[in-house]
Amino acid sequence: MKSAILALDQGTTSSRAIVFDHAGAIRAVAQREFRQLYPQAGWVEHDPREIWQTQLDTAKEALATARLTAADIAAIGITNQRETTLLWDRRTGEPVHNAIVWQDRRTARFCDDLKRAGHAALVQRKSGLVIDAYFSGSKLRWLLDHVPGARERAQRGELAFGTVDTWLLWNLSRGALHITDPSNASRTMLFNLNGEWDDELLRVLEVPRAVLPRVCSSSEIYGETAAGVFDAPIPIGGIAGDQQAALFGQNCFSRGLAKSTYGTGCFMLMNIGSQPTLSKHQLLTTVAWQAGGQTDFALEGSIFIGGAVVQWLRDGLGIIKSSAEIEALAGSVPDCGGVYLVPAFAGLGAPHWDQYARGTITGLTRGTTTGHIARAALEGIAFQVADVLEVMNRDSGGVMNELRVDGGASVNNLLMQFQADLLQVPVVRPKVVETTALGAAYLGGLAAGFWKGRDEVTRSWQADRAFEPRMSADEAAHRRRRWAEALNRARDWEEHSKVKATANL
């Protein structure tokens, strides 16, 4: 009998592998960080070889910790940082460039050109996305144009493009599988909401079809690991981008259910059912998953900097030694002391979509302490989520009754309580907060018959704690107005700076 599922959770700052049993409980976890590369201001890259090696190492470590072999694993499920873009040689499997990370802003000017050329409505209507450097399509075009010979080689079918899920599958199968799923494909600006790579979008972004992976469903047996990767072949049965995987792991199977994941970024998704609805407030319409013969869609608000602001306090300012210290430091003061921190280090995502915003701290006085800054950093995460929820309720035509939360920062009780206060609805944290990996495990396990259906999956989900609002609605509204003022000071900062510099020449 197969006793477990292996989930590969390839994130922005680390690769993790988690072994889940049939009850959805964690049997073992392994995690390894890898380098973040910053070749220029606004550029973020990863070494694709490090992504693969750390993911393989953690998978083997997790199996060893759980005292299992590959023969005990029913299937592998994969979840991944989504828009990060890779290009490699089909024959050798060697990358032609570092991976361009979803946070990277090098294609912002090109995206501006697309908007000025009048393509924004087309891109939203077909892909459900806004034109932004966040998505994979413009990153792929940059690689084709800036890596010597890449465009010609791609047109000849010599190169393969993929997001991180595709890269992992390629390496797990040693080149036998070049595939992705609709949840990842729908983050490229090249894939239409009808479920296909779109010729018109490919023309707009000047991407040859020959470079693209085949799109399969999010839950099926695609193949198995190649000989020598593990001590026995393991079926590979599930793929979903990290945020869609978390929505699945939170059991948000019905229209109107929503979750927010607090990772490096912060991402809120609401299941909107089997018909895609385009946002009127700059949210994204994305494929949630395709499974069991049906495609579910979601509205999404993507916040670029969530938990990464805590890493900045640790690595950039040095006011904490570990991320776990942030709650105690923030709790050392009764409130933020009038300090607001807008963590727009990589611009602003939904619902603002300002590529030129930059991080800002307002309200500093001689009485400001590191505690106030720590608290303002956590509150800055919650304010961004509240901005997204407000417009998500408008787009969906309903009112969210609760928000399910997960991800590393969701264990921070101070942050979760403040989030409930701002939203004025309960914030519910599950017992297993690793719902991104759990969602990938569910998708893989369902494909392999490890779980017989979603009803069986649903029975394994349990709440750990519900945070009820304590702040008055008037106070929450006041705090959000002050946040909006701070946000305005961060807007268009890079553009304003360039205008002033030019005027002074």
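Above this text you will find the structure in question.
Engineer: Would you mind going over helix 4 (residues 136-146) with me for this structure?
Structural biologist: Owing to its 3.6 residues per turn, the α-helix aligns residues three or four sequence positions apart on the same side. Where burial is concerned, most of helix 4 is hidden: 9 out of the 11 residues are buried. Those residues of helix 4 that sit buried are S136, G137, S138, K139, L140, R141, W142, L143 and L144.

Engineer: Would you mind showing me how to read empty space enclosed by the protein here?
Structural biologist: Remark: the empty space left among the atoms is shown by a probe the size of a water molecule rolled over them. Throughout the structure, instances matching the rule amount to 1 cavity of 30 Å³ or more. Lining the largest cavity are I303, L348, G349, A350, P351, H352, Q384, D387, W483 and L487. Contributions of two or more residues to the lining of the largest cavity are made by helix 12 (370-396) and helix 16 (473-490). For the lining of the largest cavity, a count of residues per class yields 6 nonpolar, 3 polar and 1 charged.

Engineer: For this particular structure, what's the right way to read the side chain of N412?
Structural biologist: If you trace the backbone, N412 turns up in the loop between strand 21 (403-406) and helix 13 (413-423). Those residues within four positions of N412 in sequence are excluded, and the remaining contacts are I326, E327, L378 and R429.

Engineer: Honestly, helix 1 (residues 48-65) in this entry has me stumped. Any pointers?
Structural biologist: Taking 1.5 Å per residue as the helical rise, helix 1 with its 18 residues ought to reach 26 Å, and the 26 Å between its terminal C-alpha atoms agrees with that figure. For helix 1, the set of buried residues is P48, E50, I51, W52, T54, Q55, L56, T58, A59, A62 and L63. Its side-chain oxygen placed 2.9 Å from the backbone nitrogen of R49, D47 serves as the N-cap of helix 1. Backbone geometry just after helix 1 places R67 at a positive phi near 60°.

Engineer: How should I be thinking about the pairing of strand 5 (residues 73-80) in this particular structure?
Structural biologist: Two faces make up the sheet, and in a regular strand the side chains alternate between them. Burial analysis of strand 5 places 8 of its 8 residues in the buried class, the great majority of the element. Relative to strand 14 (residues 235-241), strand 5 runs parallel, the two sharing 5 bridges. Residue pairing for strand 14: I78 is matched across the bridge by I239.

Engineer: I'm lost on the layout of surface pockets in this one. Help?
Structural biologist: Put simply, the largest pocket is a space of about 950 Å³. Taken together, 40 residues line the largest pocket, and the ones lying closest to its centre are Y262, G263, T264, G408 and A409. Of all the secondary-structure elements, those providing two or more residues to the lining of the largest pocket are strand 2 (14-20), strand 3 (26-33), helix 9 (242-249), strand 15 (258-262), helix 10 (308-317) and helix 11 (326-330). Considering each element in turn, the lining of the largest pocket owes the most residues, 4 residues, to helix 10. Of the residues contributing to the lining of the largest pocket, the split by class is 13 nonpolar, 18 polar and 9 charged. Reported here for the second largest pocket is a volume of approximately 770 Å³. Lining the second largest pocket are 30 residues, and of these Y38, V44, Q103, F345 and A346 sit closest to its centre. Mapped onto the lining of the second largest pocket, the elements with two or more residues apiece are helix 2 (108-116), helix 10 and helix 17 (493-503). A class-by-class count of the residues in the lining of the second largest pocket yields 12 nonpolar, 9 polar and 9 charged.

Engineer: Is there a simple way to think about the environment of I326 in this case?
Structural biologist: As for its position among the elements, I326 is in helix 11. The sequence separation of I326 and N412 amounts to 86 residues, and the corresponding C-alpha distance is 8.6 Å. Not counting chain neighbours up to four residues away, the residues in contact with I326 comprise V310, L313, I320, A374, L378 and N412.

Engineer: Would you mind showing me how to read the pairing of strand 1 (residues 4-10) here?
Structural biologist: With 7 of 7 residues buried, strand 1 lies mostly within the body of the structure. Of the two faces of strand 1, both are covered, the one formed by A4, L6, L8 and Q10 as well as the one formed by I5, A7 and D9. Pairing between strand 1 and strand 5: 6 bridges, direction parallel. Counterpart to A4 in the pairing with strand 5 is I73. Looking at chain direction, strand 1 and strand 2 are connected through 6 bridges and run antiparallel. Counterpart to A7 in the pairing with strand 2 is I18. From the end of strand 1 to the start of strand 2, which pair antiparallel, there are 3 residues.

Engineer: I'm lost on the sheet that holds strand 16 (residues 266-273) in this one. Help?
Structural biologist: Within a sheet, adjacent strands bond to each other through the backbone by hydrogen bonds, running parallel or antiparallel. If you trace the 7 strands from one edge of the open sheet to the other, you get 17-18-16-15-21-22-23, paired in mixed fashion. The two strands at the open ends of the sheet, each matched to only one other strand, are strand 17 (284-291) and strand 23 (463-467). Strand after strand, the sheet turns through a mean of 30° between neighbouring axes, direction not considered. Two strands pair when backbone bridges link them, and strand 15 and strand 21 are joined in this way by 3 bridges, in the parallel orientation. Note on strand 21: the bridge partner recorded for S260 is V405.

Engineer: Got a minute to help me understand unusual backbone geometry in this structure?
Structural biologist: The bulk of non-glycine residues show a negative phi, and the bulk of peptide bonds are trans. Cis peptide bonds are those with omega within 30 degrees of zero, and the linkage from A350 to P351 qualifies with -5°. At R174, a residue that is not glycine, the phi angle is positive and equals roughly 55°. The topology assignment puts R174 in the loop between helix 6 (164-172) and strand 9 (179-180). By relative accessible area, which is 55% here, R174 ends up exposed. Despite not being glycine, W353 shows a phi value in the positive range, around 50°. Mapping W353 onto the fold places it in the loop between strand 19 (340-342) and strand 20 (360-362).

Engineer: It is not clear to me how the pattern of salt bridges should be interpreted in this structure. Could you clarify?
Structural biologist: Pairing between side chains of opposite charge can happen when their charged atoms approach one another. This model, assessed by the stated rule, comprises 36 salt bridges. Between R105 and D132 there is a salt bridge whose closest N-O contact spans 3.2 Å. Of this pair, R105 sits in the loop between strand 7 (99-100) and helix 2 while D132 sits in the loop between helix 3 (120-127) and helix 4, and the two are 27 residues apart along the sequence. For R105, a relative accessible area of 9% puts it in the buried group. Using a relative accessible area of 1% as the deciding quantity, one classes D132 as buried. Notably, a salt bridge pairs R209 with D199, separated by 2.7 Å at the nearest N-O pair. Here D199 lies in helix 8 (residues 199-205) and R209 lies in the loop between helix 8 and strand 12 (214-215), a separation of 10 residues in the sequence. The exposure class assigned to R209 is partly exposed, which follows from its relative accessible area of 42%. Members of the salt-bridge network, linked through shared partners, are R35, D47, R49, E50 and E94.

Here is what the cut-offs are and how they apply
Note on numbering: residues in each chain are counted from 1, in written sequence order. Local features in this predicted model are restricted to residues of pLDDT 70 or higher, and side-chain atom pairs are both shown and tallied only at a pLDDT of 80 or more, whereas totals for entire chains, interfaces and linings draw on every residue. Side-chain measures were taken over the full set of non-hydrogen atoms in the model, leaving aside hydrogen atoms and water. Using a 1.4 Å probe on the protein chains alone, a residue whose accessible area is under 20% of its type maximum counts as buried, one over 50% counts as exposed, and one in between counts as partly exposed. Runs of H or I in DSSP of at least four residues are treated as helices and runs of E of at least two as strands, each being numbered from the N terminus. Only protein atoms enter the 1 Å grid used here. Points where a 1.4 Å probe fits but cannot escape make up a cavity, open sets with protein on both sides within 12 Å along at least five of seven lines make up a pocket, and a residue lines them when an atom lies within 4 Å of a point. Grid points are joined across faces, edges and corners, and a volume is the space filled by probe spheres set on the points. Three classes are used, and their members are as follows: Ala, Val, Leu, Ile, Met, Phe, Trp, Tyr, Cys and Pro are nonpolar, Asp, Glu, Lys and Arg are charged, and the others, Gly among them, are polar. We call two residues in contact when some of their heavy atoms are within 4.5 Å. For a helix, the expected span equals 1.5 Å multiplied by the number of residues minus one. Whenever two N or O atoms come within 3.5 Å, that pair is a polar contact, provided that in protein one can donate a hydrogen and the other can accept it, and provided that, for residues adjacent in sequence, both atoms are side-chain atoms. Note on pairing: DSSP must find at least two bridges between two strands before they are called paired. Every axis in this analysis is a line fitted to C-alpha atoms, fitted for helices over the stretch in contact. Angles between the N-to-C directions lie between 0 and 180 degrees. For this analysis, a salt bridge means a side-chain nitrogen from Lys or Arg found within 4 Å of a carboxyl oxygen belonging to Asp or Glu.

Scope: geometric values only; no functional claims are made or implied.
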